[in-house]
Amino acid sequence: MRVVIQKDYENMCKWSANYIAGKINSHKEDRPFVLGLPTGSSPIGVYKELIALNKAGKVSFANVVTFNMDEYLGLPREHDQSYWYFMHDNFFDHLTDMKPENINILNGMTDDPEGECARYEEKIASYGGIDLFMGGIGVDGHLAFNEPFTSLSSRTGVRDLTTDTRIVNSRFFGNDPEKVPAKALSVGIGTVTDSKEVLVLISGHNKARALAAVVEGSVSQRWTCSALQLHNAAIIACDEEACGEIMVDTYKYFLDIEKNERL
Ligand code: GLP
């Protein structure tokens, strides 16, 4: 696993956006580049950078197909906290050449959640899998909506949200955890780790425990993102603030080995 430590959130985002743009630009195969995408506050800066690169003509999304990680169950697209809304508002609507038909987001209003999830997996497979999955994590280490103790080989399915996650996410729902949907549709840990590459953003003091668990802890369903230790092309992009709980040796090791990546 690579860990790329940047000075702050801004540089973490800049590095990540450049990395993604580089991957899209170097994709020469006769099929679209398949990009997995997250929501949350962590990727917002990456989306801003990618939009700027796209507007400057430095990366095109014309041959990119996207799959989002998750969606709240029971929220219509138009709801300003649906992930469909988030993705259009923060990213897709600002790109010059993203094709709407290439955007895939689980339908939170489906009356057949299991079927919706099965079709999502089939659609990912129909493109030959995901080339690069970008993700963020929750303070409890959840990746997408795979809360602690979700199987590390899970596939796309319906997930119950923990009370902790509903409390954390209530900041977007008038600070009322009861207004946060109790269920979501989410790709599984197995869906993410099947991707050719995974890039996870971890920033801020409140993610320090999670970063230590992913990088230094054992592979455990307690911290579902720790499954990335078994992936042979996983990168954690993080900022200094998130490094508060890793060992000084670990910190120094990654600063040294990734010194050429430091912005
Ligand atoms: C939600 C999403 C996750 C995301 C997490 C962290 O729970 N389902 O995919 O990683 O929030 O969000 P943030 O980046 O705002 O801390």
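See the structure shown above.
What comes next concerns the included structure. The model shown is predicted, which means the values in this text are computed figures rather than measured ones.

**Section: the overall build of the chain**
Moving on, step 1. Within the chain one finds eight helices and 10 strands.
Moving on, step 2. Over its C-alpha atoms the chain spans a radius of gyration of 17 Å, differing by no more than 12% from the 18 Å that the globule rule assigns to 263 residues.
Moving on, step 3. Counting across all 263 residues of the chain, residues that qualify as buried make up 55%.
Moving on, step 4. Taking all contacts inside the chain whose residues are at least 6 apart in sequence as the whole, residues at least 24 apart take part in 79%.
Moving on, step 5. For the chain, the accessible surface area stands at approximately 11,600 Å², while carbon and sulfur atoms represent 50% of it.

**Examining helix H4 (residues 113-126)**
Moving on, step 1. Under the 1.5 Å per step criterion, the end-to-end length of H4 is 20 Å for 14 residues, consistent within 8% with the ideal 20 Å.
Moving on, step 2. When we look at burial in H4, the residues that qualify are Gly115, Glu116, Cys117, Tyr120, Glu121 and Ile124.
Moving on, step 3. On its buried face, H4 is in contact with strand E3 (64-68), strand E5 (103-104), strand E7 (157-160), strand E8 (183-186) and helix H6 (189-193).
Moving on, step 4. Where H4 terminates, the next one or two residues include Gly128, which has phi positive at roughly 85°.

**A look at the pattern of salt bridges**
Moving on, step 1. Counted by the stated rule, this structure contains 15 salt bridges.
Moving on, step 2. In this structure, Arg31 engages Asp131 in a salt bridge whose closest nitrogen and oxygen atoms are separated by 2.7 Å. Here Arg31 is found in the loop between helix H1 (9-25) and strand E2 (33-37), whereas its partner Asp131 is found in the loop between H4 and strand E6 (132-136), with 100 residues between them in sequence.
Moving on, step 3. The residue Arg155 makes a salt bridge to Asp194 at a minimum N-O spacing of 3.0 Å. Here the residue Arg155 occupies a position in the loop between E6 and E7, and Asp194 occupies one in the loop between H6 and strand E9 (197-202), the gap between them amounting to 39 residues.
Moving on, step 4. Its relative accessible area of 37% is what places Arg155 among the partly exposed residues.
Moving on, step 5. For Asp194, a relative accessible area of 54% translates into the label exposed.
Moving on, step 6. A network of salt bridges, in which partner residues are shared, links Glu29, Arg31, Asp131 and Lys196.

The rules behind these values
- Residues numbered from 1 in each chain as written.
- Predicted model: local features only at pLDDT ≥ 70, side-chain atom pairs only at ≥ 80, totals over all residues.
- Heavy atoms only, no water.
- Helix = DSSP H or I, 4+ residues; strand = E, 2+ residues; numbered from the N terminus.
- Rg over C-alpha atoms; globule rule 2.2 N^0.38 Å.
- Buried < 20%, exposed > 50% of the residue type's maximum accessible area, 1.4 Å probe, protein only.
- Contact = heavy atoms within 4.5 Å.
- Areas by Shrake-Rupley, 256 points an atom, 1.4 Å probe, with all protein chains shown as cover.
- Expected span 1.5 Å × (residues − 1).
- Salt bridge = Lys/Arg side-chain N within 4 Å of Asp/Glu carboxyl O.

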